[in-house]
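The residues making up each chain are set out below.
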Amino acid sequence: MHLSLYDLNIIQTVLLFIILYVLVKKRLWLILRRTINVCIHGLSKLVPKSKKLIVFGGENGMGFKGNPKYLFLELVKIPSLHCVWIAKHPSVVKELRDLGFEAYLHRSLKGYYYQLRAKLAIHSHALNDDFKNQLMGGVISYNTWHGVGLKKVWGENKKTFTYKVIHDPNPIRRFFGMLVVKTNLGKRNYVVSTSKRVSSYYPNTFVVKKENVLELGQVRNDIFFKETDEDQLIPEWYRKNKVILYMPTHRNKGKLDKDINEVLDFKKINQLCHDLGCKFVIKMHLYSSGYVPKEFEHIVDISKEPYDPQFLLKYADMLITDYSSCYTDYLMLDRPVIFYCYDLSEYLSTSNEMYYNYYEVTPGPKVKTHDELIESIKEGFAHHHETYKKERQRVLNIFYSIDNQRPVLEKQLKFILNDLLKLEVDEYKEGSQESPKHQNIV
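Overview of the structure. (Residues numbered from 1 in each chain as written. Predicted model: local features only at pLDDT ≥ 70, side-chain atom pairs only at ≥ 80, totals over all residues. Heavy atoms only, no water.)

1. What to know about the overall build of the chain
Here's step 1: Check the secondary structure of the chain and you find 18 helices and 13 strands.
Here's step 2: Among the 442 residues that make up the chain, the fraction classed as buried is 52%.
Here's step 3: Intrachain contacts of the chain at a sequence separation of at least 6 include 69% that bridge at least 24 residues.
Here's step 4: When the accessible surface of the chain is split by element, carbon and sulfur atoms take 56% of a total near 22,100 Å². (Helix = DSSP H or I, 4+ residues; strand = E, 2+ residues; numbered from the N terminus. Buried < 20%, exposed > 50% of the residue type's maximum accessible area, 1.4 Å probe, protein only. Contact = heavy atoms within 4.5 Å. Areas by Shrake-Rupley, 256 points an atom, 1.4 Å probe, with all protein chains shown as cover.)

2. A short note on the sheet that holds strand β10 (residues 299-301)
Here's step 1: Within the open sheet, the 6 strands sit side by side as β10-β9-β8-β11-β12-β13. Their pairing is parallel. Pairing within the sheet leaves two strands with one partner each, and these edge strands are β10 and β13 (366-367).
Here's step 2: Relative to strand β12 (residues 337-340), strand β11 (residues 318-321) is paired through 3 bridges, and the arrangement is parallel. Bridge pairing links I320 to I338 in β12.
Here's step 3: Together, β9 (279-282) and β10 form the strand contacts of helix α11 (residues 266-276), whose direction differs from that of β9 by roughly 135°. (Pairing = 2+ DSSP bridges. Axes fitted to C-alpha atoms, helices over the stretch in contact; angles between N-to-C directions.)

3. Here's the deal with the pairing of strand β2 (residues 82-87)
Here's step 1: Of all 6 residues in β2, 5 are buried; the element is thus mostly enclosed.
Here's step 2: Sheet topology note: the strand β1 (residues 50-57)/β2 ladder contains 4 bridges and is parallel. Directly across from F56, in β2, lies its bridge partner W85.
Here's step 3: Crossover connection from β1 via helix α2 (residues 66-75) to parallel β2: handedness right-handed.
Here's step 4: In terms of strand pairing, β2 meets strand β3 (residues 103-105) through 3 bridges, oriented parallel. (Right-handed = clockwise from strand over helix to strand, strands pointing away.)

4. A look at the sheet that holds strand β5 (residues 140-143)
Here's step 1: Ordered by their spatial adjacency, 7 strands build an open sheet running β3-β2-β1-β4-β5-β6-β7, and the pairing between neighbours is parallel. The open sheet has two free edges, formed respectively by β3 and β7 (213-215), since each of these has just one partner strand. On average, each strand axis in the sheet is inclined to that of its neighbour by 25°, with strand direction left out of account.
Here's step 2: The strands that helix α8 (residues 196-206) touches are β5, β6 (188-193) and β7; relative to β6, the one it contacts most, it runs at about 150°.

5. Describing the packing of α2 against helix α17 (residues 409-420)
Here's step 1: Relative orientation of the contacting elements α2 and α17 amounts to 65°, with a least axis distance of 11 Å. The pairing of α2 with α17 is recorded here as roughly perpendicular in orientation. Crossing handedness for the pair α2 and α17: right-handed. For the pair α2 and α17, contact is made by Y70, L71, E74 and L75 and by L409, Q412, L413, I416 and L417, respectively.
Here's step 2: Residue classes in the contact of α2 with α17 are distributed as 7 nonpolar, 1 polar and 1 charged. (Parallel < 35°, antiparallel > 145°, perpendicular 65-115°, else oblique. Left-handed = near helix turned anticlockwise from the far one by under 90°. Nonpolar A, V, L, I, M, F, W, Y, C, P; charged D, E, K, R; others polar.)

6. Let's talk about the nonpolar core
Here's step 1: Ranked by size, the top nonpolar core spans 86 residues in total, and within it L75, Y142 and F399 carry the most contacts.
Here's step 2: Of all the elements, α17 adds the most residues to this core, at 6 residues.
Here's step 3: Contact partners of F399, with chain neighbours within four places excluded, come to V148, L150, T194, S195, V198, Y327, T328, Y356 and V361.
Here's step 4: If you look at the next biggest cluster of nonpolar residues, it comprises 25 residues, including I260, F266, L272 and V367. (Core = buried A, V, L, I, M, F, W, Y, C linked by side-chain atoms within 4.5 Å.)

7. As for unusual backbone geometry
Here's step 1: Phi is positive for W145, which is not a glycine, with a value near 55°.
Here's step 2: A relative accessible area of 11% places W145 in the buried class.
Here's step 3: The residue D334 is not glycine, and still its phi comes out positive at about 55°.
Here's step 4: Here D334 is to be found in the loop between α13 (326-330) and β12.
Here's step 5: A residue is classified by how much of its surface remains accessible, and D334, at 26% relative accessible area, is partly exposed.

8. Some points on the side chain of K152
Here's step 1: Tracing the sequence through the fold places K152 in the loop between β5 and α6 (161-166).
Here's step 2: Filtering out sequence-adjacent residues up to four positions away, K152 remains in contact with N157, N352, E353, M354 and Y355.

9. Details of the pattern of salt bridges
Here's step 1: Counting across every chain of the model gives 14 salt bridges.
Here's step 2: For the salt bridge of R173 with D168, the shortest nitrogen-to-oxygen distance reads 2.9 Å.
Here's step 3: Measuring nitrogen to oxygen at the nearest pair gives 2.9 Å for the salt bridge that ties E391 to R394. Of the two residues, E391 and R394 are both situated in helix α16 (residues 389-399); the distance of 3 residues between them amounts to about one turn of the helix.
Here's step 4: Judged by its relative accessible area of 32%, R394 falls in the partly exposed class.
Here's step 5: Put simply, D334, K389 and R392 are held in one network by salt bridges that share partners. (Salt bridge = Lys/Arg side-chain N within 4 Å of Asp/Glu carboxyl O.)

All we've got here are geometric facts, nothing functional implied.
Have a look at this one:
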């Protein structure tokens, strides 16, 4: 069929109108959705709050782990408090209920009710990650965060909506944009830091007042200083044997991750572990994927297992990572860390900027080839942890003040009870006896 020039112009015009219609419709829908969210968030502030009701959430709503978990397990012991865990996956709700605790999905009727009525929300990620944030306008937000990261996030990350709004030169756009940004904040907002250096960039990062940045440490690290029943959930072979733990981060939520078979030579690693008498354990990030061959005796992939990462760190003899913040916690154990940064330049340009110069805060060999990785593993075991020992302490002091290089649960509880809930600490002590159903959880 032969089309005239006139016919082609008609088709091009129609296609152009269709494309414009789709783009305008998408844009209008986005504006409408954000307007509705702003209105709901504002109305949620009018709902009366229950002074003794606390909602907890963590791991993007997908897990009962991290800092909020340990605060929950203590605060739930107080009879006068009503502690409810909010999750985004049924398996998390089931896990909590099987332990005898109260938990609901964030989009269930009871989930809606408790999120609207809670005075305090304790969480490890953003409100929209752990809850239905539109319902949290009148809450006190206590963000424990989930690590001491290298990577810029939220208000410091140039790729985020929050950063673009804050730095928008147009005052009208900035005003309406901030209304959207604030749907991810409560009535009062606190974020937990670990040191003065970290606290210096948290106000801009989390859009909170400087005085609301609390240098109270990471409760999840308390497990490094004591034995608990939870230690027994880690397999005996992991706890009793020499272990090298490989725990990398993701690249742009897994979109830019290389296949792990391109990153690691499993045959060489297996032979090395045979010679050293150890296991090479792989824990990939939630966003990452890849097949790890099962035929190698000394290589174990536990990425799909529900083990708490802090306990994996606790029993690892050596850590290999890249740009993950997991090593900042591991420094408390004063063991060797290898930084396998084979794609450093690419990572910085395509994934996340960093708060620090990478080389300033990575106290261990920075290796970019697999052969260098093998040699660094040999070196790490040969020198019995002494290499980089002073550097590890120097960097630990950057990320964690001396006061936060020890258990911090008690001082966080005191702040929550005394300053946020206005509850006397004596009431906590009186009500802190474990009931039978709680005894074997921590």
